[in-house]
Amino acid sequence: MIVQIQNISKKFKNGTTALSNVNFSVDRGEFVSVIGPSGAGKTTLFRILNGAERADSGRVIINEKHLESTKGKARRMIQKNIGTVYQDFALVENISCIHNVLSACLPDMTFIPAVLGIFGKERNTEAESLLNLVGLADKVNEPVKNLSGGQKQRVAIARALMRRPSVLLADEPVASLDPITGRQILELISSIRKTQGLTVLMNSHNLQFSLEFSSRIIGLRSGITVFDGAPEDITPLIISAIYGSSADISDIQEAAL
Ligand code: ADP
């Protein structure tokens, strides 16, 4: 198992319980979508997975290593296994695509080369080949601000892959994109998963895309796992259990598009 979430709970200081005893394990190579209504705890779960947030209790085991009980450099080494892409791309607009990709290496570099932006030939070659992989070979030196939304998400994917993660966390990766571009990005993520042996965990509001691209769906509602199974086992009843009794698949798909 590449990711193990064991009895994870999280309550915020204002008293909101975001996650209650969440349990699941993800095998290498799976494409898992976490779905659920707004406020279900999806973002909190992803933030705990990539180390941005700590759970109150439970265990997060990435590649056999315990994230929750680790600090400092050891924690950063575990976090290196996880690359994240975000809805808003989180890129630096004024610098080139290749520099955005290279910036992923900063945590691994010593102070002076990091400050001076001396990444070295090997890293530059790797960054270029990743930009090639995501279909941006002709945009290597282009400032990110000149790119379309879909191209920006491609740069963000290349940056996430730069530290050779085992797991790609895709947090609403297509929410800022039109449906056609969104589909192309998910096709890219799917193909990279196959060719690079990557595991993908996605959080998406777009139920149709989640059902289409994932090998497994985890349904969260009010911080509780209410479904864990194959997309083909999702029924209208399960949709109601996840999204609320008044929801049906067509409503949710319309809302998502
Ligand atoms: P989702 O991503 O499924 O929309 P979130 O993980 O963002 O859900 O939020 C889960 C619950 O936790 C919500 O009720 C939200 O308001 C609350 N929450 C999220 N972050 C914080 C925070 N930093 N402080 C207090 N409450 C939070």
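Details of the structure are given in the entry above.
Described below are features of the structure shown in this document. Since the structure is predicted, the reported quantities are computational estimates derived from the model, not experimental observations. (Residues numbered from 1 in each chain as written. Predicted model: local features only at pLDDT ≥ 70, side-chain atom pairs only at ≥ 80, totals over all residues. Heavy atoms only, no water.)

1. Observations concerning the packing of aromatic side chains
- Throughout the structure, instances matching the rule amount to one aromatic pair.
- With centroids separated by 6.0 Å and ring planes inclined at 70°, the aromatic side chains of Phe209 and Phe213 adopt a geometry described as edge-to-face. Of this pair, Phe209 and Phe213 are both found in helix α8 (residues 207-213), four residues apart, which corresponds to roughly one turn of the helix.
- For Phe209, a relative accessible area of 4% gives the class buried. (Phe/Tyr/Trp six-rings, centres within 6.5 Å; stacked < 30°, edge-to-face > 60°. Helix = DSSP H or I, 4+ residues; strand = E, 2+ residues; numbered from the N terminus. Buried < 20%, exposed > 50% of the residue type's maximum accessible area, 1.4 Å probe, protein only.)

2. Structural notes on the environment of Phe24
- Residue placement: Phe24 occurs in strand β2 (residues 17-26).
- Separated by 152 residues in the primary sequence, Phe24 and Ser176 have C-alpha atoms spaced 28 Å apart.
- Dropping the residues within four chain positions of it, Phe24 is found in contact with Val3, Gln4, Ile5, Leu45, Leu201, Arg216, Ile218 and Asp228. (Contact = heavy atoms within 4.5 Å.)

3. Topic: the site of the ligand
- Around the ligand, the surrounding shell consists of Phe12, Asn14, Thr16, Ala18, Pro37, Ser38, Gly39, Ala40, Gly41, Lys42, Thr43 and Thr44.
- Within the contact set of the ligand, an oxygen atom lies 2.7 Å away from a backbone nitrogen or oxygen of Gly39.
- Within the side chain of Lys42, a nitrogen or oxygen atom sits 2.8 Å from an oxygen atom of the ligand.
- Taken by itself the ligand offers 560 Å² of open surface, and the protein chains cover 62% of this.
- Counting residues per element, the shell around the ligand draws most heavily on helix α1 (residues 42-49), which supplies three residues.
- Residue classes in the shell around the ligand are distributed as four nonpolar, seven polar and one charged. (Near = heavy atom within 4 Å. Polar contact = N/O pair within 3.5 Å; in protein donor to acceptor, adjacent residues only side chain to side chain. Areas by Shrake-Rupley, 256 points an atom, 1.4 Å probe, with all protein chains shown as cover. Nonpolar A, V, L, I, M, F, W, Y, C, P; charged D, E, K, R; others polar.)

4. Quick notes on helix α7 (residues 179-196)
- Between its terminal C-alpha atoms α7 stretches 25 Å, which fits the 26 Å expected from 18 residues at 1.5 Å a residue.
- Listing the buried residues of α7 in full gives Thr181, Gly182, Ile185, Leu186, Leu188, Ile189, Ser190, Ile192 and Arg193.
- Residues of α7 that are buried sit in contact with β3 (31-35), α5 (121-133), α6 (149-161), β7 (167-171), β8 (199-203) and α8.
- If you check the start of α7, you find a side-chain oxygen 3.1 Å away from the backbone N of Ile180, and it comes from Asp178.
- Looking at the residues trailing α7, positive phi occurs at Gly197, about 65°. (Expected span 1.5 Å × (residues − 1).)

5. Considerations on the sheet that holds strand β5 (residues 65-66)
- Pairing is antiparallel across the open sheet formed by four strands, whose spatial order is β2-β1-β4-β5. The open sheet is flanked by β2 and β5, the only strands paired with a single partner.
- Direction of pairing for strand β1 (residues 3-11) relative to strand β4 (residues 57-62): antiparallel, over a ladder of five bridges. Across the sheet, residue Gln4 finds its bridge partner in β4, namely Ile61. (Pairing = 2+ DSSP bridges.)

6. Points about the packing of α6 against α7
- Between α6 and α7, whose axes approach to 10 Å, the crossing angle comes to 20°. When the axes of α6 and α7 are compared, the pair comes out roughly parallel. Handedness of the α6/α7 crossing: right-handed. Between α6, through Gly150, Gln153, Arg154, Ile157 and Leu161, and α7, the contact on the second element is made entirely by Thr181, Gln184, Ile185, Leu188, Ile189 and Ile192.
- A class-by-class count of the residues in the contact of α6 with α7 yields six nonpolar, four polar and one charged. (Axes fitted to C-alpha atoms, helices over the stretch in contact; angles between N-to-C directions. Parallel < 35°, antiparallel > 145°, perpendicular 65-115°, else oblique. Left-handed = near helix turned anticlockwise from the far one by under 90°.)

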